[in-house]
Amino acid sequence: MSRAYRIKISESLRKVVRAADHVCSQLEWLQVLPNEEMAELLAGELEKQGYERDGDLCVRQDGDLKITVDLRTAEVKVEVEAAHEVDLETTREGVAYDDEGPGAEIVREKIRRQAREALEKDSQLQADELQKQVTDALEGALGDLRQELDQAVNRATAEALKVKARRMGNIKSMTEDAATGSLTIVVEV
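Since the model is a prediction, treat every value here as computed from it, not as a measurement. (Residues numbered from 1 in each chain as written. Predicted model: local features only at pLDDT ≥ 70, side-chain atom pairs only at ≥ 80, totals over all residues. Heavy atoms only, no water.)

Caption draft 1: Quick peek at the pattern of salt bridges. Taken as a whole and judged by the stated rule, the model has 21 salt bridges. Measuring nitrogen to oxygen at the nearest pair gives 3.8 Å for the salt bridge that ties R108 to E105. Within this pair, R108 and its partner E105 are both found in helix α2 (residues 102-168), separated by three residues, close to a single helical turn. The exposure class assigned to R108 is partly exposed, which follows from its relative accessible area of 24%. You can call E105 partly exposed: its relative accessible area is 42%. Each of E11, E109, R112 and R116 takes part in salt bridges that share partners, so that together they form one network. (Salt bridge = Lys/Arg side-chain N within 4 Å of Asp/Glu carboxyl O. Helix = DSSP H or I, 4+ residues; strand = E, 2+ residues; numbered from the N terminus. Buried < 20%, exposed > 50% of the residue type's maximum accessible area, 1.4 Å probe, protein only.)

Caption draft 2: Structural context of the side chain of R60. Note on placement: R60 falls in strand β3 (residues 57-62). From its side chain, R60 meets the backbone oxygen of Q49 in a polar contact 3.0 Å long. Within the local environment of R60, its side chain forms a polar contact with the side chain of D62, the two groups lying 3.0 Å apart. Look past the residues within four positions of R60 in its chain and what remains in contact with it is Q49, G50, Y51, L65, K66, I67, L145 and E148. (Polar contact = N/O pair within 3.5 Å; in protein donor to acceptor, adjacent residues only side chain to side chain. Contact = heavy atoms within 4.5 Å.)

Shown next as structure tokens:
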């Protein structure tokens, strides 16, 4: 006669889940001066906003958010990364009708596999939640960043127009309206 035995298995999982997201965009600027000069003017404006120059790149790190502007191609890449340590535990129980032998071992392995699958599923849920948080953070930053970069491009373009006007002739008058962003230059050629 067989006896029923309760088998209890405890499993734990500890790992780091990572999530990342990025978006690339193109800056739009008027080609008032040659590309190299426009890039230098833009780099100057970006440095005023806390970007660090690294060759043809301007980079700024804001917490988990990394913004990279390629001055040659006018491409902007915004990346965000995050990591979270997952520490999970679970206990599963099952019944075997023999304390020893292949039946009990099969039940133990089945319970262990179910416990591991449950831990992996919970871990994946946490990874998915972290990915959602990362994507939400990226989306939240894009609006402000777009406005900030547009202002830098506008200031660089205004400076390029001033340089171009000086090259064309004698500047008779220049008026700037910071509120509207308008610039009027009267040049005598």
